[in-house]
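Chain and residue survey
Read off the chains here:
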Amino acid sequence: MFGGVLSTFPAFLAYFVTGAILMAIFVLLYANLTPHREIALIRGGNTAAAISLSGALIGFVMPLASVIAHSVSLVELVVWGVIALVVQIGGFLLARAVLPHLPQAIDDGNVADAVFLAGLSLSLGLLTAACMAG
């Protein structure tokens, strides 16, 4: 009975682990490329940092989910994962160009700026996911 269901478990595991590794790389790079230190700020109770990082992470994972649902290989997942990462970093750089005070605002716990950044990240994630689907 479970044989048919579990026959896809190795593929699930491969995609899940690859996706989790890509997520970890994204968080590591994003947190180190932004001037504010999200992880330390979150540990200190900064809601704005949690909102902005969560938005960026979800915005990154949405394209991964789309690729996993439509891809034919792990290589494809990695390539599109790198593209999604570049889009999210680019989105932050764009937001910072429009709002130069953004890193300081996140440091200061400004939720309005964090919600804007999270919304931008989610929007870019949705757009990226749709474009990846062809």
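Scroll up for the structure.
Note that the structure is a prediction, hence the values are computed from the model and not measured. Position numbers for residues count from 1 along each chain, tracking the sequence in the order it is written. A pLDDT threshold of at least 70 governs which residues receive local features in this predicted model, and a stricter bar of 80 or more applies before side-chain atom pairs are shown or counted, although totals over entire chains, interfaces and linings include all residues. Side-chain figures throughout are based on the complete set of non-hydrogen atoms in the structure, without hydrogens or water.

**Side note on the packing of aromatic side chains**
Here the distance between the centres and the angle between the planes together describe a pair of aromatic rings. Between rings of Phe, Tyr and Trp, where Trp is taken as its six-membered ring, a pair exists when centres lie within 6.5 Å; planes separated by under 30 degrees are stacked, by over 60 edge-to-face, and by other angles tilted. If you walk through the whole model with that rule in mind, you get five aromatic pairs. For the pair Tyr30 and Phe92, a centre-to-centre distance of 6.0 Å together with 75° between the ring planes defines the contact as edge-to-face. Of this pair, Tyr30 sits in helix α2 (residues 9–33) while Phe92 sits in helix α5 (residues 74–98), and the two are 62 residues apart along the sequence. A helix here means a DSSP run of H or I that spans at least four residues, while a strand means a run of E at least two residues long, and both kinds are numbered starting from the N terminus.

**Concerning the packing of helix α4 (residues 47–70) against helix α7 (residues 111–132)**
Their axes nearest at 8 Å, the elements α4 and α7 cross at an angle of 5°. Relative to α7, the element α4 lies roughly parallel. Across the interface between the two elements, Ala48, Ile51, Ser52, Gly55, Ala56, Ile58, Gly59, Met62, Pro63, Ser66 and Val67 from α4 touch Val111, Ala114, Val115, Leu117, Ala118, Ser121, Leu122, Gly125, Leu126, Thr128, Ala129 and Met132 from α7. Under the scheme applied, nonpolar residues are Ala, Val, Leu, Ile, Met, Phe, Trp, Tyr, Cys and Pro; charged residues are Asp, Glu, Lys and Arg; polar residues are all the others, including Gly. Across the contact of α4 with α7, the residue classes break down as 16 nonpolar, seven polar and no charged. Angles here are taken between N-to-C directions and fall from 0 to 180 degrees, while the axes themselves are lines fitted to C-alpha atoms, restricted in helices to the stretch in contact. Angles below 35 degrees are treated as roughly parallel, those above 145 as roughly antiparallel, those between 65 and 115 as roughly perpendicular, and all remaining angles as oblique. Every residue pair with non-hydrogen atoms within 4.5 Å of one another is taken to be in contact.

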